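An overview of the molecular structure
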Amino acid sequence: MIEILNPTLLTRAKDTGGLVGDILHALKRRSTVGTNLLDIDRWAKAMITEAGAQSCYVDYAPSFGRGPFGHYICTAVNDAVLHGRPHDYTLADGDLLTLDLAVSLGGVAADAAISFVVGEARPPESVALIDATERALAAGIAAARPGARIGDLSHAIGTVLKEAGYRINTDFGGHGIGSTMHQDPHVPNTGRPGRGYPLRPGLLLALEPWVMADTAELVTDADGWTLRSATGCRTAHSEHTIAITDDGAEILTLPR
């Protein structure tokens, strides 16, 4: 299903997106050396509940996961890149942490992810991975405007990632979003310009470039959810929910 939001729902989407941005920003500040991933999950639950919002993850049970996700945020560390299931792990200096959060408020969902290095260490490989995904995300957003096609966004994202030297996995990518978290159209992280669904005002998209340092192959963790690089290399993931407007794209998931 492809959903086009009316002005009332777009206003709600801005509220939801701002909440997601605020929570991620707060969790990044609190995620320091010695923080346990389960503490991050508890903090996310408390902030979602306090805002009167609902988690899009806790009861989520798609075909690619093993039963309901059971947690309120995805926490992926180092070689984990997507669907990182919080577990009893204490963050160390130099860990590359990705936080991915989706919530629903007022009947509209928003989804975003940030990657950052914990502590004082700044491993060059980690910094380069994060930089590439952030630049690719910015390029995809810049290409989003009425009349453009999904392939234009995919091409913009993929161009940045390839020029940075990374291979691209297209099994998972961006997606439509609205009254539910995952909708059509799928937005691969590489593609051909001028192809695919034409963008219209009122369409919400979650764009999410992600890469692994030296592979495009994923393996599934024993928890049935967490996706890791097949070689054990580090990974990064950046995501924003955007709204297509008459003038271009508006980023909804920035912290307020």
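Quantities reported herein were computed from a predicted structural model and do not represent experimental measurements.

Things to note about the packing of aromatic side chains
Evaluated as defined, the whole model comprises 6 aromatic pairs. Taking the centre distance of 5.9 Å and the plane angle of 65 degrees together, the rings of Tyr57 and Phe69 count as edge-to-face. Of the two residues, Tyr57 is situated in the loop between strand E1 (54–55) and strand E2 (74–77) and Phe69 in the loop between E1 and E2; the sequence distance between them amounts to 12 residues. Of the two residues, Tyr57 and Phe69, neither departs from the other in class, the shared state being buried. An aromatic cluster is present here, built from Tyr57, Tyr60, Phe64, Phe69, Phe172 and Trp225 joined pairwise through their rings.

Digging into the side chain of Ser126
You can see Ser126 is positioned in helix H3 (residues 124–142). Polar contacts involving the side chain of Ser126 include one to the side chain of Arg234, which spans 2.9 Å. For Ser126, the residues in contact, after removing those within four places along its chain, are Leu96, Val117 and Arg234.

A closer look at the nonpolar core
The biggest cluster of nonpolar side chains holds 26 residues, and the ones touching the most others in it are Leu27, Ile40, Ile73, Leu97, Leu99 and Leu101. Listed by contribution, the elements that provide at least two residues to this core are helix H1 (7–30), helix H2 (37–50), strand E4 (96–105) and strand E5 (108–117). If you tally residues by element for this core, the top one is H1, at 6 residues. Sequence-distant contacts of Leu27, that is, excluding residues within four places in its chain, are made with Ile40, Trp43, Ala44, Met47, Ile73 and Leu99. In this structure, Val81, Leu82, Val211 and Leu218 belong to the second largest nonpolar core, which totals 21 residues.

Details of H1
For H1, spanning 24 residues, the distance from its first C-alpha to its last is 35 Å, which sits close to the expected 34 Å at 1.5 Å a residue. Ala13, Thr16, Gly17, Gly18, Leu19, Val20, Gly21, Ile23, Leu24, Ala26 and Leu27 are the residues of H1 that are buried. Its buried side turned inward, H1 meets H2, E4, E5 and strand E8 (204–207).

Side note on empty space enclosed by the protein
Evaluation of the coordinates by the stated rule reveals 1 cavity of 30 Å³ or more. Roughly 30 Å³ of volume is contained in the largest cavity. The wall of the largest cavity is formed by Cys74, Thr75, Ala76, Val81, Leu82, His83, Gly84, Thr98, Leu99, Asp100 and His237. Of all elements in the fold, only E2, strand E3 (80–82) and E4 reach the threshold of two or more residues within the lining of the largest cavity.

Brief notes about the sheet that holds strand E6 (residues 174–176)
Reading across from one edge, E7-E6-E8-E13-E14 is the order of the 5 strands in this open sheet, with antiparallel pairing throughout. Every other strand in the sheet has two partners, leaving strand E7 (183–187) and strand E14 (248–251) as the edge strands with one partner each. Adjacent strand axes in the sheet meet at a mean angle of 30 degrees when their direction is disregarded. Note: E6 against E8, 2 bridges, orientation antiparallel. The residue bridging Gly176 from the neighbouring strand is Leu205, located in E8. Running at roughly 40 degrees to E7, helix H4 (residues 150–163) makes contact with E7 and E8 of the sheet.

Section: the pairing of E14
Pairing between strand E13 (residues 240–245) and E14: 4 bridges, direction antiparallel. Directly across from Ile244, in E14, lies its bridge partner Ala249. Connecting E13 to the next strand, E14, in antiparallel fashion are 2 residues.

Observations regarding the pattern of salt bridges
Enumeration over the complete set of coordinates arrives at 6 salt bridges. Linking Arg256 and Asp22 is a salt bridge whose minimum nitrogen-to-oxygen distance equals 2.7 Å. Highlighted residues: Arg256 in the segment after E14 and Asp22 in helix H1, separated in sequence by 234 residues. The exposure class of Asp22 is partly exposed, given its relative accessible area of 24%.

Criteria and thresholds
Residues numbered from 1 in each chain as written. Predicted model: local features only at pLDDT ≥ 70, side-chain atom pairs only at ≥ 80, totals over all residues. Heavy atoms only, no water. Phe/Tyr/Trp six-rings, centres within 6.5 Å; stacked < 30°, edge-to-face > 60°. Helix = DSSP H or I, 4+ residues; strand = E, 2+ residues; numbered from the N terminus. Buried < 20%, exposed > 50% of the residue type's maximum accessible area, 1.4 Å probe, protein only. Polar contact = N/O pair within 3.5 Å; in protein donor to acceptor, adjacent residues only side chain to side chain. Contact = heavy atoms within 4.5 Å. Core = buried A, V, L, I, M, F, W, Y, C linked by side-chain atoms within 4.5 Å. Expected span 1.5 Å × (residues − 1). 1 Å grid on protein atoms, 1.4 Å probe; cavity = no way out; pocket = protein on both sides within 12 Å on 5 of 7 lines; lining within 4 Å. Points joined across faces, edges and corners; volume = space filled by probe spheres on them. Pairing = 2+ DSSP bridges. Axes fitted to C-alpha atoms, helices over the stretch in contact; angles between N-to-C directions. Salt bridge = Lys/Arg side-chain N within 4 Å of Asp/Glu carboxyl O.

So far we have only geometry, and geometry alone does not tell us how the molecule works.
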